[in-house]
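Observations on the three-dimensional arrangement
The lines below spell out each chain.
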Amino acid sequence: MAKKWLSRLAAVLAVPTIVIGISTPASATDQYVTLTSGGKLVASLHFYDDGDDWTLYDLAADGHGVRAYIQVAATDKWYDWDGGSWYNGKGADTGVEKTDGNLLSINRYRAQVCTVDGAGDKTPVACSAWMYIQE
């Protein structure tokens, strides 16, 4: 009798199992990049995957504003992302939010934060490393 049950158990275990999975779209995780100067934290750019939102922080009273730069990869080159640069000149310990960034899941992005001397400054004083985002 035990042989009969063992053979039935073996037959059941040998039946292929169909696994049904639900695929979710690719997504990044919350990330941030910081800029330090003289060992002091001066700026930070945060990416929040939920809604593709950003916050640009000026963290030091150093006489500089901060600017975020976001670029998108197209083949082997990086291009400025539409709406991917904005300025925070509100002073130390402030943040400026950019909501609904709408990053597309088919692209790769990179972002950095820089200190600048005014909203129109095209030559940053200092910049962080690039933070890479795969949506």
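Here, the structure is the one placed above.
The notes below deal with the structure included here. (Residues numbered from 1 in each chain as written. Predicted model: local features only at pLDDT ≥ 70, side-chain atom pairs only at ≥ 80, totals over all residues. Heavy atoms only, no water.)

The subject of this paragraph is the overall build of the protein. Check the secondary structure of the protein and you find 1 helix and 9 strands. Shown N-terminal to C-terminal, the secondary structure of the protein runs as helices and strands in the order α-β-β-β-β-β-β-β-β-β. Burial statistics for the protein: of 135 residues in total, 36% are counted as buried. For the protein, contacts bridging at least 24 residues in sequence account for 53% of all contacts bridging at least 6. For the protein, the exposed surface amounts to about 8,600 Å²; the carbon and sulfur share of it is 55%. (Helix = DSSP H or I, 4+ residues; strand = E, 2+ residues; numbered from the N terminus. Buried < 20%, exposed > 50% of the residue type's maximum accessible area, 1.4 Å probe, protein only. Contact = heavy atoms within 4.5 Å. Areas by Shrake-Rupley, 256 points an atom, 1.4 Å probe, with all protein chains shown as cover.)

A word on the side chain of aspartate 121. Here aspartate 121 is to be found in the loop between β7 (108-116) and β8 (126-127). Salt bridges are absent for the buried aspartate 121, whose nearest opposite-charge side chain, arginine 67, sits at 7.7 Å. There is a polar contact of 2.8 Å between the side chain of aspartate 121 and the backbone nitrogen of aspartate 117. (Lys, Arg positive; Asp, Glu negative; His and termini not counted. Salt bridge = Lys/Arg side-chain N within 4 Å of Asp/Glu carboxyl O. Polar contact = N/O pair within 3.5 Å; in protein donor to acceptor, adjacent residues only side chain to side chain.)

Moving on, we come to the state of the cysteines. Applying the stated criterion across every chain yields a total of 1 disulfide. Residue cysteine 114 pairs covalently with cysteine 127 via a disulfide, S to S 2.0 Å. Judged by the sign of its S-S torsion, about 110°, the bond between cysteine 114 and cysteine 127 is right-handed. Of the two residues, cysteine 114 is situated in strand β7 and cysteine 127 in strand β8; the sequence distance between them amounts to 13 residues. Classification of cysteine 114 as buried rests on a relative accessible area of 0%. (Disulfide = S-S within 2.5 Å.)

The next point concerns the side chain of threonine 115. Inspection of the secondary structure puts threonine 115 in strand β7. Here threonine 115 is in contact with Leu35, Val42, Asp62, His64, Gly65, Val66, Pro124, Val125 and Ala126, once residues within four sequence places are set aside.

Further remarks concern the environment of leucine 56. Inspection of the secondary structure assignment puts leucine 56 in strand β3 (residues 53-58). Classification of leucine 56 by relative accessible area gives buried; the value is 0%. Expressed as a C-alpha distance, the spacing of leucine 56 and valine 33, which sit 23 residues apart in the sequence, is 10.0 Å. Setting aside residues up to four positions removed in sequence, leucine 56 forms contacts with Ser44, Leu45, Val66, Arg67, Ala68, Trp86, Tyr87, Asn88, Thr94, Gly95, Val96 and Val113.

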